[in-house]
Amino acid sequence: MSSTVSRRRFLKISAGTFGAAAAAGAAWHGAWPLAVAADGATQGVTTIPTFCEMCFWRCGGIAHLRDGKLWKFEGNPLDPQSMGRLCPRGTGAVGAHYDPDRLRQPLIRSSERGEEKWKTATWDEALAYIAERMNKIKAEHGPESVALLNHGFGQRFFQHVLKTWGVINIAGASYAQCRGARDVGYVLTYGAGVGSPEPTDIRSTDCLVLIGSHLGENMHNSQVQEFAQAIERKASVIVVDPRFSVAASKAKYWLPVKPGTDLALLLAWANLLVTEGRYDKAFVERYGHGFDKFVAEIKAYTPQWAAEQCDISAELIQAAAREFANHRPRAIIHPGRRVNWYGDDTQRSRAIALLNALLGNYGREGGMFVAQGVKVAPFGLPAYPKSDKPHADGSGADEFPFADEGITTSIRKATLTGKPYPIKGWFVYSSNLMQALPNERETIEAIRKLDLLVVCDTMPSEIAGWADVVLPDTTFLERHDELLTGYGRTGWISLRQPVVAPPHDQKPAWWIAKQLADKLGIGDCMPFKDLEEYLAKRITASGLSWEQLKRDGVIMGKHQPTTVEEGLELSFETPSGKVEFWSDQLAKAGFDPVPKYRRHPDAPPGHFRLITGRAPGHTFSRTQTNPLLHDLMPENEVWVHPETAASLGIRNREYVKLKNQDGVLSNRIRVKATQRIRKDTVYMVYGFGHGNRMLKRAYLRGASAGALNTHYATDPIMGATSIHTNFVSFVKEA
């Protein structure tokens, strides 16, 4: 039976208890000897492999249980992502299981949206409520009027069930708000995207160039480990960043460019390599398309010109370019991640791709290897129905012709406008759209137009506060998931399996999707009793050992050549069949065939450019309430140059508020006065400043960079939205 619950009561039902979980699954082969007590409880330490979800790197790990309770989580030495080591987030996974703020049971809204008033519900009640309203939307508008906005590995079976029901509008913020422009830029240049993890041979490179990529702070585990190896080998490091990052502290050259001028620098570097003959002529002659036209287009972009644009010296620009050119092909211009900065990001990513082509590092040791995967047999699921409607987000159409995934902000726009048809339902899985999408006001306005908003997550969040139904998901340590088929120097398969039971009435995403399918009358699309049956069948049909995968957590595929040195034959799936220095398909669509620099607006008087980044102990806005990770970094800070702070009468460690150019005022945030940043720029870590009272530790701790991101530009090529086009002023606390 349901019961009415207030916000105060909701806080109680969201609270977990430490030590409540019981062990599940089989022991890893490295388990300690076990004993069974008189009451049947397991004594001693047992270990179970699985793969991590504390961030998107999905490293293999080994969970340790002591006396049947989750104790610690460490890296799996058999796994190519972790190589036996986890980052702070990964080791903090124990805190995710025990987090007292976790969602505990299904909730149905009992008042106006956003008031956070709920009634508790059984799973049957909650899923019946969702199915009834989904079918009503389908009858009135068609299944295309429900959209899935998702993130994380558990999304796989929600995608499957909703596609079977007729949903075609599916998008994740990881595309238009993170990596999409980078991948499209590489597809337009090489015919293939970069993927995850990026195929950078950092462990063998002689020179690594990082452009706004904060290795050591973003904690991309395997790359950070290889970065440390490169530093130990005395490899050259070049860092382009308005902020003196951790990576910059290891660099031979630090280029503190003016924000928004990265493309000017990249084009000047390309100009220098060409005019001084410091590029790989053999690679360009054999594999390049439109090189002569490319050279003509970049002729005006000299280092002297870029020095004025970037506010650094021409000598520094030249020295850095000659440094990485001298190490070709064992040099890498890192493709980056979270590259949606200014609205022209596909072209900036194309410029990076073309610089790498000039270095001839594609498919070369110490450069960009060609990642290989491993094939796994399909289960044999039913095909999806065809729709006669276009995607509502404009992907692949005239609006964003080169978008190859769904665009979250365009689905939001369709929800607001009703064009090309109404979007009346959102199913949100593991994505806090209030922080992930620019301009929170637009998100709220779109939600008000919905007939149904479902949020499924492990934790309360700002978006959950607006939901009609909230479904409590399990953490990755408590469930099976789809197989991870990894791409790298050698392909691999990783298994996620339950380590402990969920502490309350949380359910795994696959189970929720399967039960929802039954309610929607499409239960045949999930023709297995549980996910272990599904996984075991796929592994066995692939000629692999299910018992080995459960025991080891990972099975490596057969190694295939990934570099020319190993015998790889290079090929490019572009229209020309070559690396496209000049893009005929961009020209045909009305875009620049070679990247061009266009100056971005300067800050209004009294304002400073706001740039953002990540911290090694937190992932997006998901981990600030984790009891272990919260202690590492309970709040963010705003970095400001000491001379700037002095001119504003602001002291180091003082609390201030930030007001952006649109008048949006942040929560209070502590000042970090440091010479490690330009005088015209301020910096803060993303994901803090939570406004949801259910997140007791994180509530109003620090300020939200997302809330200040009200002005955004949209990349016309593929729909990415900018995060560094806002300016802030300082407001002293009274």
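Thresholds, definitions, all that
- Along each chain, the written sequence defines residue order, and numbers are assigned to residues from 1.
- In keeping with the predicted nature of the model, local features appear solely for residues at pLDDT of at least 70, side-chain atom pairs appear and are counted solely at 80 or more, and the whole-chain, interface and lining totals rest on all residues.
- Derived side-chain values reflect all non-hydrogen atoms in the structure, with water molecules and hydrogen atoms excluded from consideration.
- DSSP-based pairing: two strands are paired if at least 2 bridges between them are found.
- Secondary structure elements are defined from DSSP: runs of H or I of at least 4 residues count as helices, runs of E of at least 2 residues count as strands, and each element is numbered from the N terminus.
- Only the contacting stretch of a helix is used when fitting its axis, a line to C-alpha atoms as for every element, and angles between N-to-C directions run 0 to 180 degrees.
- Remark: exposure states derive from per-residue accessible area (1.4 Å probe, protein chains only) relative to the maximum for the residue type, with buried under 20%, exposed over 50%, and partly exposed in between.
- In these notes, a set of buried Ala, Val, Leu, Ile, Met, Phe, Trp, Tyr and Cys residues joined through side-chain atoms within 4.5 Å is what counts as a nonpolar core.
- We call two residues in contact when some of their heavy atoms are within 4.5 Å.
- For this analysis, a polar contact is any N or O atom pair within 3.5 Å, provided that within protein one partner can donate a hydrogen and the other can accept it, and provided that sequence-adjacent residues contribute only side-chain to side-chain pairs.
- Here pLDDT means the predictor's own confidence in every residue, given as a number from 0 to 100.
- By disulfide we mean two sulfur atoms from cysteines, separated by a distance within 2.5 Å.

Asks: It is not clear to me how the sheet that holds strand β21 (residues 554–556) should be interpreted in this structure. Could you clarify?
Replies: Strand pairing in a sheet is mediated by backbone hydrogen bonds. Such pairs are either parallel or antiparallel. Ordered by their spatial adjacency, three strands build an open sheet running β19-β20-β21, and the pairing between neighbours is antiparallel. Looking at which strands have only one partner, the edges of the open sheet turn out to be β19 (484–486) and β21. Strand-to-strand, the axes of this sheet are offset by a mean angle of 15°, without reference to chain direction.

Asks: Please explain the pairing of strand β27 (residues 681–685) as it appears in this structure.
Replies: Side-chain positions along a regular strand alternate between the two faces of the sheet. The element β27 is extensively covered by neighbouring structure, given that five of its five residues are classed as buried. Of the two faces of β27, the one carrying Thr681, Tyr683 and Val685 and the one carrying Val682 and Met684 are both buried. Pairing of strand β23 (residues 608–613) with β27 involves five bridges; the strand directions are parallel. If you follow Ile611 over to β27, its bridge partner there is Tyr683.

Asks: Teacher, can you tell me more about the nonpolar core here?
Replies: Grouped burial of nonpolar side chains is what soluble globular proteins tend to show. In terms of nonpolar packing, the biggest core is built from 77 residues, with Trp269, Leu273, Phe294, Phe324 and Leu358 touching the most fellow members. By residue number, the principal contributor to this core is helix α8 (residues 262–275), which donates 11 residues. The residues touching Leu358, leaving out its near neighbours within four places in the chain, are Ala270, Leu273, Val274, Tyr279, Asp280, Val284, Phe291, Phe294, Arg328 and Phe581. Counting 50 residues, the second-largest nonpolar core is a separate cluster that includes Val146, Val161, Phe379 and Tyr534.

Asks: Looking at this structure, I do not really get the side chain of Thr189. What am I missing?
Replies: You can see Thr189 is positioned in helix α6 (residues 173–190). On the basis of relative accessible area, Thr189 is assigned to the buried category, the value being 0%. There is a polar contact of 2.8 Å between the side chain of Thr189 and the backbone oxygen of Gly185. If sequence neighbours within four positions are ignored, Thr189 has contacts with Arg350, Ala353, Leu354, Thr574, Lys578, Val579 and Glu580.

Asks: Please clarify how the confidence of the model for the protein chain should be interpreted in this entry.
Replies: Detailed reading of the predicted coordinates is not advisable wherever pLDDT is low. Of the residues in the protein chain, 94% reach a pLDDT of 70 or more, and the chain-wide mean stands at 93. Below pLDDT 50 for its whole length, residues 1–39 participates in 105 contacts with residues either more than four positions away or in separate chains.

Asks: Honestly, the state of the cysteines in this entry has me stumped. Any pointers?
Replies: Simply put, the disulfide is a covalent bond whose two ends are the sulfur atoms of two cysteines. Tallied over the full model, the rule gives zero disulfides. Its sulfur unpaired, Cys55 is 5.6 Å from the next cysteine sulfur, which belongs to Cys87. Note on Cys55: relative accessible area 11%, which makes it buried. Just so you know, Cys59 is unpaired, no disulfide at all, and the nearest cysteine sulfur is the one on Cys55, 6.3 Å from it.

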